[in-house]
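As a plain string of letters, each chain reads:
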Amino acid sequence: MLLGGKELIAYTIEASRGSRYVDTTAVSTDYENIGKVALKYGAEVPFLRPAELATDTASSSDAVLHAVNFYEKELKKSYDIVITLQPTSPFRTARHIDEA
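My aim in this report is to walk through the structure given alongside it, one point at a time. (Residues numbered from 1 in each chain as written. Predicted model: local features only at pLDDT ≥ 70, side-chain atom pairs only at ≥ 80, totals over all residues. Heavy atoms only, no water.)

## Some points on the overall build of the chain
Part 1 of the reasoning: For the chain, the count of helices and strands is four helices and two strands.
Part 2 of the reasoning: Overall, the chain shows an N-to-C arrangement of helices and strands of β-β-α-α-α-α.
Part 3 of the reasoning: A compact globule built from 100 residues would reach a C-alpha radius of gyration of about 13 Å, and the chain, at 13 Å, matches this within 12%.
Part 4 of the reasoning: Referenced to the eigenvectors of the C-alpha coordinate spread, the extents of the chain come out at roughly 35 × 30 × 25 Å.
Part 5 of the reasoning: Here the chain holds 100 residues, and the buried ones make up 30% of them.
Part 6 of the reasoning: Nonlocal contacts in the chain, meaning residues at least 24 apart in sequence, comprise 50% of its contacts between residues at least 6 apart.
Part 7 of the reasoning: The centroid of the 11 positive side-chain charges in the chain is displaced by 6 Å from the centroid of its 14 negative side-chain charges. (Helix = DSSP H or I, 4+ residues; strand = E, 2+ residues; numbered from the N terminus. Rg over C-alpha atoms; globule rule 2.2 N^0.38 Å. Buried < 20%, exposed > 50% of the residue type's maximum accessible area, 1.4 Å probe, protein only. Contact = heavy atoms within 4.5 Å. Lys, Arg positive; Asp, Glu negative; His and termini not counted. Charge placed at Lys NZ, Arg CZ, Asp CG, Glu CD.)

## What about the pattern of salt bridges?
Part 1 of the reasoning: Applying the stated criterion across every chain, the model contains four salt bridges.
Part 2 of the reasoning: K6 is paired through a salt bridge with E14; the nearest N and O atoms lie 2.8 Å apart.
Part 3 of the reasoning: Here E14 falls in the partly exposed class, since its relative accessible area comes to 35%.
Part 4 of the reasoning: Between D98 and R20 there is a salt bridge, with its nearest N and O atoms 3.4 Å apart. (Salt bridge = Lys/Arg side-chain N within 4 Å of Asp/Glu carboxyl O.)

## Quick word on the nonpolar core
Part 1 of the reasoning: Within the largest apolar cluster, eight residues are counted, these being I9, A10, I13, V27, V37, A38, Y41 and A43.
Part 2 of the reasoning: Of all the elements in the fold, those that place two or more residues in this core are α1 (8-18) and α2 (32-40).
Part 3 of the reasoning: Top contributing element to this core by residue count: α1, with three residues.
Part 4 of the reasoning: Discounting residues that sit within four places of it in the chain, V37 has contacts with E7 and I9. (Core = buried A, V, L, I, M, F, W, Y, C linked by side-chain atoms within 4.5 Å.)

## A word on the packing of aromatic side chains
Part 1 of the reasoning: Counting across every chain of the model gives three aromatic pairs.
Part 2 of the reasoning: With a centroid separation of 6.4 Å and 75° between ring planes, the pair formed by F70 and Y71 is classed as edge-to-face.
Part 3 of the reasoning: With a centroid separation of 6.1 Å and 65° between ring planes, the pair formed by Y71 and Y79 is classed as edge-to-face.
Part 4 of the reasoning: Ring pairs connect the aromatic residues F47, F70, Y71 and Y79, which therefore count as one cluster.
Part 5 of the reasoning: Just above the ring of Y11 sits the side chain of K6; from NZ or CZ to the centre is 4.4 Å. (Phe/Tyr/Trp six-rings, centres within 6.5 Å; stacked < 30°, edge-to-face > 60°. Lys NZ or Arg CZ within 6 Å of the ring centre and 35° of its normal.)

Just distances and angles here, no functional claims.
Okay, structure coming up:
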């Protein structure tokens, strides 16, 4: 979806990457096209989300846990804090993230 001539997810990636506190901006998606857009704006897309986590009944928390487990087991990275930034909030800025 475009907003102001830019993909909706781009706003969230830019805000995340502009935050002083966010070390890794990872996108969990089951769509290759969304993954390509995420990469274009500087996010990591280390996997495509499994089908069971890409349904209308799958929870966001399960998708986040899948991503965290992937980073820990496959990439040997761990994090003290994990945040979820939905792409449906395009007017959120890096400042909002930092203040939160």
